[in-house]
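Coordinates in review
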Amino acid sequence: ADAARDARRESRRTRRRTRRVYELTSSCVVRRRRGAKSARDMTTVSVTVVTKGAAPWRRHRCGGGGCASVSSSSSSPPPPPRCVVRARASEPWAVSCARVFRWDDVLDARATAATGEDDDATTTTSEENAAHTSPTLMRGTTGNFIVIDGANLAWGLAQKLKSRFTSKTRVPMSAAVLAALDYEPWRASGFTTHAFIPREYVVGYVNSVCDGGGLSTVNAELVEYLGKGVWVNRRLMDEVDAGRLTLVSRDGVDGRGLRKADDLTILTRAKEADAWICSNDKFRDHRRERGIGFSSGKALKEFARLRRFDHNFLIPLEDDVISATLEASGWTPKVGASFVENYDGPQRRVVPEREPDAPTPYHAMPQRVLPVYFEPLPTDSMKTARKTYLERQGWSVSRIIA
């Protein structure tokens, strides 16, 4: 019985030793995770020296110009008990998020750590390296490209105005897209912004174009009538001509249309450029798509978790202040198809001026009358990464003792 028990213990130890196998390639070491059944489950790790593996023990050293692996013979001395692994240089995720949201505490902690021994270039053991290269901390990006979901922002500001002023209608707002494109902190930090929006939000029917919504709510200062029921948002068309806005067609090959075409385009472009995505849409309904560059739904979920962040719009003024500003500005709204000179469609009404009991067109107010400010918001995962990074760096608020 004792011999059988010892044999079972030795068999379990042997299986545990052979479960963690390092397979050498031409440029790196690929570590097979526990329970891995295919090459898709392999995790690539850039190393300096590896002494743990299947017999015979292999030593792998990368010299920059190429990699060479030497297999030692059975007469070689036994390997050291622990692996010496050098992590691949990469920016922590919290630092990448700090550049987007202007987290000065994280940037200061990063600058303080850079003056000493850099954490990303520190030689650690294999156990410490596994925690150091965790996805939450090390999957950052040094890119300065932000992809903007134009349709999501346009409807986000519309919902904000509806809930703030309890209005009955929602009109997609072109001001939301421009506020994100011209966000000053991003421009000061060197970020490049580009927006994608469905074509009918710029050129289409009055109920689908931005700042349109209908014949009674169309903003005549921004939207023009082209004829035969087609309208165009002149402000967004100027951004298209400037190269900062891309129109996405939703026309399907079967004539039914593809409502998710703009979302798929955003995901594809962000995946190619490793860019950030500004959208409140979590893209959960696109995890079964296979033509956008992701190997599985889990890969898309992970990419959206690491690169997508939320947004919000702030209206700082109170109602009485907005009314006083409106009276002092002398602004006269031009809302409705009656203010469009060349409109020849149905339901034309000649109204020389707005009716006294007409609802206030908050969606048509310019920035000088109704200030609205764009604000990027981090997700809960990004907030957790920020807290964890500051704890690992031992950062604390500087205090002055009086």
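Residues numbered from 1 in each chain as written. Predicted model: local features only at pLDDT ≥ 70, side-chain atom pairs only at ≥ 80, totals over all residues. Heavy atoms only, no water.

**Observations concerning the nonpolar core**
If you look at the biggest cluster of nonpolar residues, it comprises 56 residues, and the most contacted ones within it are Trp 186, Ile 197, Trp 276 and Phe 309. Among the elements that make up this core, the one with the highest residue count is helix α2 (residues 93-101) (7 residues). Ranked by size, the runner-up nonpolar core spans 16 residues in total, among them Phe 145, Val 147, Phe 196 and Ile 292. (Core = buried A, V, L, I, M, F, W, Y, C linked by side-chain atoms within 4.5 Å. Buried < 20%, exposed > 50% of the residue type's maximum accessible area, 1.4 Å probe, protein only. Helix = DSSP H or I, 4+ residues; strand = E, 2+ residues; numbered from the N terminus.)

**Structural notes on the packing of aromatic side chains**
Per the stated rule, a full pass over the model turns up 13 aromatic pairs. With a centroid separation of 5.4 Å and an interplanar angle of 25°, the aromatic rings of Phe 101 and Trp 103 are classed as stacked. The two residues Phe 101 and Trp 103 agree in class, both being buried. Measuring from ring centre to ring centre gives 3.8 Å for Phe 165 and Tyr 362, while their planes differ by 5°; the resulting arrangement is stacked. Pair noted here: Phe 165 is in helix α6 (residues 150-165) and Tyr 362 is in the loop between α12 (319-329) and β16 (373-377), with a separation of 197 residues, a long-range link. Residue classification places Phe 165 among the buried residues on the basis of a relative accessible area of 11%. (Phe/Tyr/Trp six-rings, centres within 6.5 Å; stacked < 30°, edge-to-face > 60°.)

**Thoughts on the packing of helix α7 (residues 174-181) against helix α9 (residues 234-242)**
Contact geometry of α7 with α9 gives a least axis separation of 9 Å together with a crossing angle of 35°. Crossing angle aside, the handedness with which α7 passes α9 is left-handed. From α7, Ser 174, Ala 175, Val 177, Leu 178 and Leu 181 reach across to α9, where they touch Arg 235, Leu 236 and Glu 239. A per-class count over the contact of α7 with α9 returns 5 nonpolar, 1 polar and 2 charged. (Axes fitted to C-alpha atoms, helices over the stretch in contact; angles between N-to-C directions. Left-handed = near helix turned anticlockwise from the far one by under 90°. Contact = heavy atoms within 4.5 Å. Nonpolar A, V, L, I, M, F, W, Y, C, P; charged D, E, K, R; others polar.)

**A few points about the sheet that holds strand β10 (residues 203-204)**
Spatially, the 3 strands line up as an open sheet ordered β10-β12-β11, and their pairing is antiparallel. Each edge of the open sheet carries a strand with a single partner, namely β10 and β11 (223-227). Relative to strand β12 (residues 230-233), β11 is paired through 4 bridges, and the arrangement is antiparallel. Within the sheet, the bridge partner assigned to Gly 227 lies in β12 and is Val 230. Each of β10, β11 and β12 is contacted by α9, which is oriented at about 65° to β12, the strand it contacts most. (Pairing = 2+ DSSP bridges.)

**Comments concerning the pattern of salt bridges**
Taken as a whole and assessed by the stated rule, the structure comprises 12 salt bridges. The salt bridge partner of Arg 244 is Asp 182, with a shortest N-O separation of 2.7 Å. Residue Arg 244 is found in the loop between α9 and β13 (245-248), and its partner Asp 182 is found in the loop between α7 and α8 (184-188); the two are separated by 62 residues along the sequence. Under the relative-accessibility criterion, Asp 182 is labelled partly exposed at 31%. Here Glu 200 ties to Arg 250 by a salt bridge, and the two come within 3.6 Å at their closest N and O atoms. (Salt bridge = Lys/Arg side-chain N within 4 Å of Asp/Glu carboxyl O.)

**With respect to the sheet that holds strand β9 (residues 192-198)**
Across the sheet, 6 strands lie side by side as β13-β9-β8-β14-β15-β16; this open sheet has mixed pairing. The open sheet has two edge strands with one neighbour each: β13 and β16. Strand-to-strand twist in this sheet, taken as the mean axis angle between neighbours without regard to direction, amounts to 30°. α2 contacts β14 (276-278), β15 (308-314) and β16 of the sheet and is inclined by roughly 45° relative to β14.

Honestly, it's all geometry; don't read function into it.
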